[in-house]
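# Commentary on secondary and tertiary structure
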Amino acid sequence: MRRPTTLAVPFPLAVPTVALRAAAAACMIVAMAACADPSEPPTGAAAPGEASSEPPADGPAAVVAGRPVDGQTLRRALEATRDVDAGRVELITSVTGLDPRPVDPAGSDTSDDAVQVVHRAAFDLRRRQAEAETDMSQLAESLQPEAGSAADQSVGDFSAPNRMIVDGDVVYSQVGPMAGAYGLTPTDWVRIDRSTFVDQRIDSDTAALLLDPLGPLDVLAQPATQVRVVGDGGNGGDGAGGSLGDEVRGTPVTHVAATLDGQPIDVWIDAEGRVRRVELRLDAPATGGALAGRATTTFELFDVGEPIEVTPPSPTDVLGTPGTGAPPG
């Protein structure tokens, strides 16, 4: 027998503050993308004290997707990728330094305490469909409070990925980690009009990826310096063969390294000039110079142009419209 369909709670259900803070810290690339200012186009010129993005005058010009590598390379790749109307993306942030155990006095670099936050999305703009999910199970386990404590009662259930689907003008969302507080399960579905969903400006990485799966790439709109091809793939070639045989999920790519806002970034670009992979690393030094933690965020785009099947939940599996107590449908 199904539970009553009345659901007088906000959409989507709130996630505990501790989890939100941890997730926000983990998914840095989303925040960096939001800080990108397209009104300040990159010039390609090096800032004082920084290396130029231009190749040496006496060496062969590095080429990516048929164009010379310069300060505009990453921005051009962003623009080309924005033309993709169907595909899949995966955004993984791996964080070390969350383990509360004492740091090894020998200063050994170990990944035993590494935890991952995984976001996945599939989209087809032609059909106005997309789906996204976030798996925070490893992060939740690393932050697991003592059993029976007050914090233990408020953390919620992060054991299963939280999913969202957009189908035309309707958004469906699984209830999520705090479902137990409302007598529901994390995999129960609720629905809302897309326009209302957008207007609510919901602070959720899953929602952001659902509405704009390529959004994390907007970080590449920032001015880039020290832009260069890694390996031999771009030296005088057309960039189609990749750097030293580089591939991303079977697609030949050219590996380009650069600096954005003082942070190193690596981008893999295919023969059509589209971004297939981005990797960003941030280190948190501790007192004395020892490495206190590292966050590595990797974004991959694949199955470009392939048919994407997004299946909305059955009406019988959808609870009432949030806040109204209305029946599904």
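Residues numbered from 1 in each chain as written. Predicted model: local features only at pLDDT ≥ 70, side-chain atom pairs only at ≥ 80, totals over all residues. Heavy atoms only, no water.

Now for the overall build of the protein. Scanning the protein from N- to C-terminus turns up seven helices and 15 strands. The 329 residues of the protein split such that 45% are buried. If you take every contact in the protein between residues at least 6 apart in sequence, the share linking residues at least 24 apart comes to 66%. Summed over all atoms, the accessible surface of the protein reaches about 16,200 Å², with 51% contributed by carbon and sulfur. (Helix = DSSP H or I, 4+ residues; strand = E, 2+ residues; numbered from the N terminus. Buried < 20%, exposed > 50% of the residue type's maximum accessible area, 1.4 Å probe, protein only. Contact = heavy atoms within 4.5 Å. Areas by Shrake-Rupley, 256 points an atom, 1.4 Å probe, with all protein chains shown as cover.)

Taken as a whole, the protein shows an average pLDDT of 73; of its residues, 60% reach a score of 70 or greater. For the protein, the element scoring lowest by mean pLDDT is helix α1 (residues 17-26), at 40; helix α3 (residues 73-81) scores highest, at 97. Across residues 101-110 the pLDDT falls below 50, and counting only partners more than four positions away or on other chains, this stretch makes zero contacts in the model. (pLDDT = per-residue confidence, 0-100.)

Looking now at the pattern of salt bridges. Oppositely charged side chains may form a pair once their charged atoms are brought near each other. Considering all chains together, one arrives at 19 salt bridges under this definition. Asp-70 is paired through a salt bridge with Arg-76; the nearest N and O atoms lie 3.4 Å apart. The same class applies to Asp-70 as to Arg-76, namely buried. Linked by salt bridges that have partners in common, Glu-90, Arg-120, Glu-133, Arg-249, Asp-266, Arg-277, Glu-279, Arg-281 and Glu-300 make up one network. (Salt bridge = Lys/Arg side-chain N within 4 Å of Asp/Glu carboxyl O.)

Once that is clear, we can look at the side chain of Asp-70. Looking at the secondary structure, you find Asp-70 in the loop between β2 (67-68) and α3. Overall, Asp-70 belongs to the buried group, its relative accessible area being 19%. Of the polar contacts made by the side chain of Asp-70, one reaches the backbone nitrogen of Gln-72; its length is 2.8 Å. A distance of 3.4 Å separates the side chain of Asp-70 from the side chain of Arg-76, its partner in a polar contact. (Polar contact = N/O pair within 3.5 Å; in protein donor to acceptor, adjacent residues only side chain to side chain.)

Grouped together as the largest cluster of nonpolar side chains are 41 residues, with contacts concentrated most on Leu-74, Leu-220 and Ile-265. Listed in part, the nine residues of the second largest apolar core include Ala-86, Ala-122, Tyr-172 and Val-318. (Core = buried A, V, L, I, M, F, W, Y, C linked by side-chain atoms within 4.5 Å.)

Quick look at α3 now. For α3, the buried fraction is high: seven of the nine residues fall into the buried class. Among the residues of α3, those classed as buried are Thr-73, Leu-74, Arg-75, Arg-76, Ala-77, Leu-78 and Thr-81.

Moving on, we get to the packing of aromatic side chains. Summed over the entire model, instances satisfying the criterion amount to zero aromatic pairs. Sitting above the plane of the Phe-302 ring, Arg-249 keeps its charged end 3.8 Å from the centroid. (Phe/Tyr/Trp six-rings, centres within 6.5 Å; stacked < 30°, edge-to-face > 60°. Lys NZ or Arg CZ within 6 Å of the ring centre and 35° of its normal.)

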